[in-house]
Amino acid sequence: MLLIYTPKITSRLKFVFKQICTRILGIPIDFTSVIEVFIAHSGPKMSYGAQPLGSEFFVKSNGLLFEQGLSDVDINVLQWDQTKCFFYVGEKSNLPFDIFSAAFYLLSRYEEYLPHVKDEYGRFTKEHSIAHQQQFLHQPVIDLWAYKLKAALEDYFPETRFQNRTFTIHPIIDIPMAYFFKNKGFLRSVGGFFSDIIQFKFRTFSDRFLVLFGLKKDPYDTFNYIVNRQKKSSQKFDVFFLVGDYSTYDKSISLNKKEFVSQIKSIRDYCNVGLKTSFLALDDFDKLKQEKNRLDTVVNSQITKARSSFSKVNLPTTYRHYIDLEIQSDFSMGYPEAIGFRAGTCTPFLFYDLDFEVQTPLKIHPYQLMDFSLLNHVSLLDKKETLIRAIQEVKNVNGTFTPIFHNYTFGGWERWTDFKTLFNIILDAPEDVST
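Rules used throughout
- Residues numbered from 1 in each chain as written.
- Predicted model: local features only at pLDDT ≥ 70, side-chain atom pairs only at ≥ 80, totals over all residues.
- Heavy atoms only, no water.
- Helix = DSSP H or I, 4+ residues; strand = E, 2+ residues; numbered from the N terminus.
- Buried < 20%, exposed > 50% of the residue type's maximum accessible area, 1.4 Å probe, protein only.
- Contact = heavy atoms within 4.5 Å.
- Salt bridge = Lys/Arg side-chain N within 4 Å of Asp/Glu carboxyl O.
- Pairing = 2+ DSSP bridges.
- Axes fitted to C-alpha atoms, helices over the stretch in contact; angles between N-to-C directions.

## Here we look at the environment of Ser33
- Looking at the secondary structure, you find Ser33 in the loop between strand E2 (29–32) and helix H2 (35–40).
- The class for Ser33 is partly exposed, based on a relative accessible area of 38%.
- In this structure the C-alpha to C-alpha distance between Ser33 and Ile4, which are 29 residues apart in sequence, comes to 8.5 Å.
- Dropping the residues within four chain positions of it, Ser33 is found in contact with Tyr5, Thr6, Pro7 and Ile9.

Right, here's the structure in full:
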């Protein structure tokens, strides 16, 4: 056990130390603010504060973990070997940066509480993030900092060996619309035919006709592929279904359609099923509760995982609503259009509510890549190389690679050709990610 002395034990401090030391490095820790207890401890120990007690392992604090509420934080990002960091504290500290305060800033999403311009969907964008502005979005910097701490501790306590974690993959599949043509009702289907004609989409008109008359498979109906791929994979898929009402933002299929209900139940037999929260439910607790109850009824169990439509997160409201509905895990923390680490990590972490200054039970599973981000690359080779680089960044720290694909991704329709190949590269990554 690593004992940590600090003059004041705060909620922020306990939250971030447990994340770095225990969840990333696997080091059991305890805290004390009593000097005599710290001195008497015979195992590895460190102090964290404004100045060391003596010659012990010491990391200097910049003060953020002892504050409450929001303030103007002065951030100066500097190069640190092959990565970057901020909150420089000087050479008298065993680490030149206060990695705990820096990690807290990123994990708590401190910057998302500060004034910023939202996009058309009301989302925080990568352009306003310090990671993008300072060009370290592509790295899981918190995990890299944690490994630097581990190396420093092993040098200081050579008789102590800390455990290593293993690289894992957590595939996510989004189902915002289970079918593109079928099971939409008479009026929506007729409207679709007219829309195809008006927009001169004659191929789509033909496909719609063939699907509705049973002569061709719906391009979004890739559920057999998902099940078959799950059967061959050791990584359990999480599949998120949208069951909200039809709206401007979400074109979901009604649960009155028996085939859709049957499909959800079938997927539930092989994969984990979660709720894809509709866009309108993000600001309406009653609507969110209704959607969860619908899916609970279909799968005949309590849904404990959720993913927000458009990856929109209204902090802290969205996560508070999830907690109130006993949702235990969220998979919305990422940028749909960009590959990278929105919260600076590839390790799941608990949501810290900055307004209440408390760690909550909601676990955030950050994703690093959505299939849409690969569309920015024209050739299959470019897509493969980009994907492999992203996987390797996570492999470097033995973290969890969490990609998000959609049901229509596997249909090969229109711009989604070759995405089955990319998905297979991800599932084979524990063994090999070479080209």
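## Some thoughts on the environment of Cys85
- Structurally, Cys85 is set in strand E6 (residues 83–85).
- Each C-alpha atom, one on Cys85 and one on Ile99, is 7.5 Å from the other, the two residues being 14 residues apart in sequence.
- Beyond its immediate chain neighbours, meaning those up to four positions away, Cys85 contacts Asn76, Val77, Leu78, Trp80, Phe97, Ile99, Ala102 and Trp145.

## Some details on the pattern of salt bridges
- By the definition in use, this model includes 18 salt bridges.
- Between Glu111 and Arg109 there is a salt bridge, with the nearest N and O atoms lying 2.7 Å from each other. You'll find Glu111 and Arg109 in the same group, each marked buried.
- Residues Lys276 and Asp174 are paired through a salt bridge, measuring 3.0 Å at the closest nitrogen-oxygen approach. Remark: Asp174 occurs in strand E8 (residues 172–175) and Lys276 occurs in strand E10 (residues 272–277); sequence separation between them is 102 residues.

## Quick look at the sheet that holds E8
- The strand order across the open sheet formed by nine strands is E13-E14-E12-E11-E10-E9-E8-E17-E15, and the pairing between neighbours is mixed. Unpaired on one side and paired on the other, strand E13 (349–353) and strand E15 (369–370) mark the two borders of the sheet.
- Both E8 and strand E17 (residues 403–406) contribute to a ladder of three bridges, which runs parallel. Its bridge partner lying in E17, Asp174 is registered against His406.
- Taken strand by strand, helix H11 (residues 285–299) contacts strand E9 (238–241) and E10, and its axis lies near 155° from that of E10.

## With respect to the side chain of Thr83
- Along the chain, the position of Thr83 falls in strand E6.
- A relative accessible area of 3% means that Thr83 is categorised as buried.
- Each residue touching Thr83, except ones within four places of it in the same chain, is listed here: Leu78, Gln139, Val141, Leu144, Trp145 and Lys148.

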